[in-house]
Amino acid sequence: MSGWNFADVWEVVAENLPDAPAQVQGDRRITWGEMDRRADGVAKVLLDAGAARQDKVAHYLYNCPEYMESMFAVFKAGLAPVNTNYRYAEDELVYLWDNADAVAVIFHGCFSERCDRVRDRVASVRTWLWVDDGSGPCPPWAVPYEEAAASASERTVPAHGRDGDDLLLLYTGGTTGMPKGVMWRLDDLFVYLNPPSGVDFGVEADLDKVRELCVRPGRVIVPAAPLMHGTGMFTALSAMTSAGCVVTLEGRSFDATELLDAIEREGVNAIAWVGDAFAKPVLRALDDQPGKWDLSSVILIVSSGVMWGEETKQGLLRHHGGMLLSDGFSSSEALGMGTALTTAGGETKTAKFALGPNARVITEDGRDVVAGSGEVGRVAVTGRQPVGYYKDAEKSAATFLMIDGKRYSVPGDYATIEADGTITLLGRGSVCINTGGEKVFPEEVEEVLKLHPSIRDAVAVGVPDDKFGEAITAVVEPFPEAAVDEGDVIAHVKGKLAAYKAPKRVVVVESIQRAPNGKVDYKGVKARALEALGLA
């Protein structure tokens, strides 16, 4: 066996535990045995349509059982999955699927009209699999997913084979530029994601070890964040390596009550979400109705991509002190940069992380940042990391660097190392604000803004200024019925940060309009700020 491949492992899981739950959504329940058979069918349809080794298959789906099931099928067929942001407009879809060389698209029925409008612009796509969501009939140019899932009578094994060198493409837009496909080898992903599942099969691929150790159902997890993004997808992949069950919510926008109901009903052990955009609504629901939900099954809540506040964490722990809250500092192209863990009675500060075992902070001239020096550098991480960006040698060379004889991923996150060895995360250099010659990282300002009692969410952007070059502007979303006083907000920031990091203006908006994964469109927020200030 040449490296770990998720399909090989999941087939063994299905053989060992055919009746164990694999996927749950509302009243829908799919066992491992059922998912294995259905994935064989989808894999067969893709191969019968002419898909060749490592051809790309795009997922254009909301969270649902078909998402991970069809990823299983893609891995079975020796193909490469491609995530698709379901908020994309037509031109963005065309760019993504064309850039990925997609030969198939698996899509929810509600996207039928949009897919139809772009079909003639993505000539490489030969197969369209339609997932029924009650929004209308299957179009004549598509294959019903259920028909495909029922099409196999035996195990689907591609003639071209499959192995650990097969790829998963995780497209990320980052904060600037067009989306780029991060290429992960399945073997590297498996070795990184399997140990947290609770059953560690080791570094060397060995299916006999899976047969020996995978003898009971694994953890029940809820990816509250979208599966189309790394936080949700990687958490689901991790749980499934050791017979876990993935519970997806039915709502297509986050509902704290639905999540809490699912936790109690399904005995959920772990949750993946992205920062305060998810955590604060859950805390409000718990505070409004204390004792309503049994949270005792929850062991872990994982957040990645956007920091969440310490006050929010402590509030959640008041309702269930037995949880471990993990704030992961990672990105689509760099896993394991740092972690912050919070438990009841413990304390961590927002934006402070323990540096990962394979990570370091390096200055622009290649030196390691000295702890307590105040120097700022970029976080770099070695070990199991991506191959590069798909069809983009220039960006790959700029991000994946050889340092001291080792290959590092350096995606552009700036940090400083404190005297105690922890790192303080400052944010991406691509959205850094240069005001009066001083560099200010938006996330540092945003975390302070969100501590103001009237502010529910906040983003800091730089706007043109004759005196300073760029002036910091706070775009804030207040709590319902809360009043925001500009002077008070500015004074609040000055009380916690250097004066030059405080906003010069405050723009109040009804909603920050974060993406479903909790991330911010800085370009869009900046445009709204410019318009509000009459600078557009």
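Provided above is the structure to which this section pertains.
Throughout, residues of each chain are indexed from 1 in the direction in which the sequence is written. At least 70 in pLDDT is required for a residue's local features to be given in this predicted model, at least 80 for side-chain atom pairs to be given and counted, and no such filter applies to totals for whole chains, interfaces and linings, which use all residues. With hydrogens and water stripped out, all remaining heavy atoms of the structure feed into the side-chain values.

K.L.:
Can you help me understand the pairing of strand 5 (residues 102-108) in this one?
P.N.:
Put simply, side chains in a regular strand alternate between the two faces of the sheet. The rule is simple: take the accessible area with a 1.4 Å probe, protein chains only, and divide by the maximum for that residue type; under 20% is buried, over 50% is exposed, in between is partly exposed. By the criteria applied, helices consist of DSSP H or I runs no shorter than four residues and strands consist of E runs no shorter than two, each listed in order from the N terminus. Summarising burial for strand 5: seven of the seven residues are buried, a large majority. Pairing between two strands requires that DSSP report at least two bridges joining them. Bridge count for strand 3 (residues 56-60) against strand 5 is five bridges, and the pairing is parallel. Bridge pairing links H59 to I106 in strand 5. Relative to strand 6 (residues 127-131), strand 5 runs parallel, the two sharing five bridges. Each residue of the ladder has a partner; that of V105, found in strand 6, is W128.

K.L.:
How should the packing of aromatic side chains be read in this particular structure?
P.N.:
The geometry of two aromatic rings is summed up by the distance between their centres and the angle between their planes. Planes of paired rings set the category: under 30 degrees apart is stacked, over 60 is edge-to-face and the rest tilted, where pairs are Phe, Tyr or Trp rings (Trp by its six-membered ring) whose centres lie within 6.5 Å. Here the structure, examined in full by the defined rule, presents 21 aromatic pairs. Considering the side-chain rings of F107 and W128, the 6.2 Å spacing of their centres and the 75° angle between planes classify their relative orientation as edge-to-face. One end of the pair, F107, is in strand 5; the other, W128, is in strand 6, with 21 residues separating them in the sequence. Members of the aromatic cluster, joined through ring pairs, are W4, F6, W10, W32, F72, F75, F190 and F201. Here the basic side chain of K180 rests over the ring of Y389, its NZ or CZ set 5.6 Å away from the ring centre. The criterion is that NZ of a Lys, or CZ of an Arg, lies within 6 Å of the ring centre and within 35 degrees of the ring normal, and then a charge sits over that ring.

K.L.:
I tried to follow helix 11 (residues 276-288) on my own but got confused; where do I start?
P.N.:
Along an α-helix, residues three or four apart share an orientation, since each turn contains 3.6 residues. Between its first and last C-alpha, helix 11 extends 17 Å over 13 residues, near the 18 Å set by a 1.5 Å rise per residue. Listed as buried for helix 11 are D276, F278, A279, K280, P281, V282, L283, A285 and L286. Every residue pair with non-hydrogen atoms within 4.5 Å of one another is taken to be in contact. In this fold, the buried residues of helix 11 make contact with helix 10 (256-266), strand 12 (270-273), helix 12 (310-319) and strand 26 (455-465). One less than the residue count of a helix, multiplied by 1.5 Å, gives the span that helix is expected to have.

K.L.:
I would appreciate a short explanation of the pattern of salt bridges in the present structure.
P.N.:
Where charged atoms of side chains with opposite charge meet at close range, the side chains can pair. Note on definitions: salt bridges are taken to be side-chain nitrogens of Lys or Arg within 4 Å of carboxyl oxygens of Asp or Glu. According to the stated counting rule, one finds 42 salt bridges in the structure shown. Close ionic contact of E11 with K76 constitutes a salt bridge, the shortest N to O distance being 2.9 Å. Taken together, the residues E11 in helix 1 (residues 6-16) and K76 in helix 3 (residues 65-76) connect sequence positions 65 residues apart. In this pair, the class of E11 matches that of K76, namely buried. Within this structure, D8, E11, E15, D36, D40, K76, R155 and R162 form a network of salt bridges that share partners.

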